[in-house]
Amino acid sequence: MAEAFNDLTLPAAKAQRYAAVGEEIAAVLDGEPNLTARMATVASMLASSFDHYFWTGFYVVDPTRDDELVVGPYQGTLGCLRIAFGRGVCGTAAATRETQVVADVHAFPGHIACDGRSASEIVVPVFDAAGALIAVLDVDSEQPAAFDGTDRLWLEKIVAETFRR
Ligand code: SME
């Protein structure tokens, strides 16, 4: 499996690369019900597949607190631990249940700068089979405007196929 995760074997074009990585994620996670294992695997496989990713991971809904996210499995530099619903890009995605694509994080009201090198970001809400919000997937890039409709389409598809089941 690991040998599939290098530039030699993954397609260069972004959409095709997402399709290939999505298939690999599904194959690796087949039969594994543990949510932490599923999130850790998605974060690792996405992070190692795309050069425009700088920070890749999950903020999970904390069942012990009202409307608060707590950091989950991730790849990257130290992330902040907790984010209230409505705060920053992750909190906005959680509160609105809508994917946020932010070309310039410094222009986003209330953006939480965990690492000043992050320049743009996409955050995708994660729902379970019952339609309940369980987490958000946060991907940050050092490049401005690194994420477009292709990233959104494929990340939403991978998240739905991995967690809404
Ligand atoms: N940028 C995020 C905070 C999380 S970190 O970037 C890891 C936000 O504003 O939601």
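Cut-off values and rules
- For every chain, the first residue of the written sequence is number 1, and numbering continues from 1 along that sequence.
- For this predicted model, a pLDDT threshold of at least 70 governs which residues receive local features, and a threshold of 80 or more governs which side-chain atom pairs are given and counted, while totals over whole chains, interfaces and linings are taken from all residues.
- Side-chain descriptors were evaluated using all non-hydrogen atoms of the structure, hydrogens and water having been removed beforehand.
- Labels follow the DSSP assignment, with helices taken as runs of H or I lasting at least four residues and strands as runs of E lasting at least two, numbered in each case from the N terminus.
- For every residue, the accessible area (1.4 Å probe, protein chains only) is compared with the maximum for its type, and the residue is labelled buried under 20%, exposed over 50%, or partly exposed between those bounds.
- In this analysis, two residues are considered to be in contact whenever any of their non-hydrogen atoms come within 4.5 Å of each other.
- We score Asp and Glu as negative and Lys and Arg as positive, and we do not count His or the chain ends.
- To locate a charge, the coordinates of NZ of Lys, CZ of Arg, CG of Asp or CD of Glu are taken.
- Working rule for helices: expected span equals 1.5 Å times residues minus one.
- A pairing counts as a salt bridge when a side-chain nitrogen of Lys or Arg comes within 4 Å of a carboxyl oxygen of Asp or Glu.
- The term disulfide is used for any two cysteine sulfur atoms that are within 2.5 Å.
- For the purposes of this section, nonpolar cores are sets of buried Ala, Val, Leu, Ile, Met, Phe, Trp, Tyr and Cys residues that join through side-chain atoms within 4.5 Å.
- Near residues are defined by distance, with any heavy atom within 4 Å of the molecule or strand qualifying the residue.
- Polar contact is the term for a pair of N or O atoms within 3.5 Å; when the atoms are in protein, one must be able to donate a hydrogen and the other to accept it, and sequence-neighboring residues count only if both atoms are side-chain atoms.
- Each accessible area is a Shrake-Rupley estimate made with a 1.4 Å probe; only the visible protein chains count as cover when residues are assessed.
- All residues other than Ala, Val, Leu, Ile, Met, Phe, Trp, Tyr, Cys, Pro, Asp, Glu, Lys and Arg, Gly among them, are scored as polar; the first ten of these are nonpolar and the last four charged.
- Simply put, an axis is a line fit to the C-alpha atoms, just over the touching stretch for a helix, and the angle between two N-to-C directions goes from 0 to 180 degrees.
- Orientation labels follow simple angle bins: below 35 degrees gives roughly parallel, above 145 gives roughly antiparallel, 65 to 115 gives roughly perpendicular, and whatever is left gives oblique.
- Crossing handedness follows the turn of the near helix against the far one: under a right angle anticlockwise gives a left-handed crossing, and clockwise gives a right-handed one.

## Brief notes about the overall build of the chain
Then step 1. Scanning the chain for helices and strands turns up four helices and six strands.
Then step 2. When the elements of the chain are put in sequence order from the N terminus, they spell out α-α-β-β-β-α-β-β-β-α.
Then step 3. By principal-axis analysis of the C-alpha atoms, the chain measures approximately 40 × 35 × 25 Å.
Then step 4. Burial status across the chain gives 48% buried among its 165 residues.
Then step 5. For the chain, contacts bridging at least 24 residues in sequence account for 51% of all contacts bridging at least 6.
Then step 6. Placing the 12 positive and 23 negative side-chain charges of the chain at their respective mean positions leaves the two points 4 Å apart.

## Examining helix α2 (residues 35–47)
Then step 1. Compared with an ideal rise of 1.5 Å per residue, which puts 13 residues at 18 Å, α2 spans 18 Å between its outermost C-alpha atoms and is within 8% of the ideal.
Then step 2. Structurally, α2 contributes buried residues whose contacts are with α1 (14–29), β1 (55–61), β2 (68–75), β6 (133–141) and α4 (149–163).

## Regarding the pattern of salt bridges
Then step 1. On inspection of all chains with the given rule, the structure shows nine salt bridges.
Then step 2. A salt bridge links arginine 117 to aspartate 115; its shortest N-O distance comes to 2.9 Å.
Then step 3. Residue arginine 117 is classed as partly exposed on the basis of its relative accessible area of 45%.
Then step 4. Relative accessible area serves as the criterion here: at 15%, aspartate 115 is assigned to the buried category.
Then step 5. Three or more residues joined by partner-sharing salt bridges are found here, namely Asp62, Arg65, Glu68 and Arg82.

## Some thoughts on the state of the cysteines
Then step 1. Per the stated rule, a full pass over the model turns up one disulfide.
Then step 2. Here cysteine 80 is linked by a disulfide to cysteine 114, with a sulfur-sulfur distance of 1.9 Å. Given an S-S torsion of about -65 degrees, the disulfide between cysteine 80 and cysteine 114 has left-handed geometry. Of this pair, cysteine 80 sits in the loop between β2 and β3 (82–84) while cysteine 114 sits in the loop between β4 (100–102) and β5 (120–127); the two residues are 34 residues apart in sequence, bridging distant segments of the chain.

## Here we look at the nonpolar core
Then step 1. Counting 29 residues, the largest nonpolar core has Leu46, Phe58, Leu137 and Leu155 as the members making the most contacts within it.
Then step 2. Counting residues per element, the ones that place at least two in this core are α1, α2, β1, β5, β6 and α4.
Then step 3. Dropping the residues within four chain positions of it, leucine 155 is found in contact with Tyr18, Leu46, Tyr53, Ile122, Val124, Leu137 and Val139.
Then step 4. Tyr59, Ile83, Ala93 and Phe108 belong to the second-largest nonpolar core, a separate cluster that totals 19 residues.

## What about the site of the ligand?
Then step 1. All residues adjacent to the ligand are Trp55, Tyr59, Ile83, Gly88, Val89, Cys90, His111, Ile112, Cys114, Glu121, Asp138 and Asp140.
Then step 2. At 2.7 Å from an oxygen atom of the ligand is found a side-chain nitrogen or oxygen belonging to aspartate 140.
Then step 3. Alone, the ligand offers 300 Å² of accessible surface; in the complex the protein occludes 98% of this.
Then step 4. Listed by contribution, the elements that provide at least two residues to the shell around the ligand are β1, α3 (88–96) and β6.
Then step 5. When residues of the shell around the ligand are assigned to their parent elements, the largest contribution, three residues, is made by α3.
Then step 6. Split into classes, the residues belonging to the shell around the ligand amount to seven nonpolar, two polar and three charged.

## What about the packing of α1 against α2?
Then step 1. Two elements in contact, α1 and α2, have axes whose closest approach is 10 Å; the angle formed by their N-to-C orientations is 150 degrees. When the interaxial angle is binned, α1 and α2 end up roughly antiparallel. Where α1 crosses over α2, the handedness of that crossing is right-handed. For the pair α1 and α2, contact is made by Tyr18, Val21, Glu24, Ile25, Val28 and Leu29 and by Ala37, Arg38, Thr41, Val42, Met45 and Leu46, respectively.
Then step 2. For the contact of α1 with α2, a count of residues per class yields nine nonpolar, one polar and two charged.

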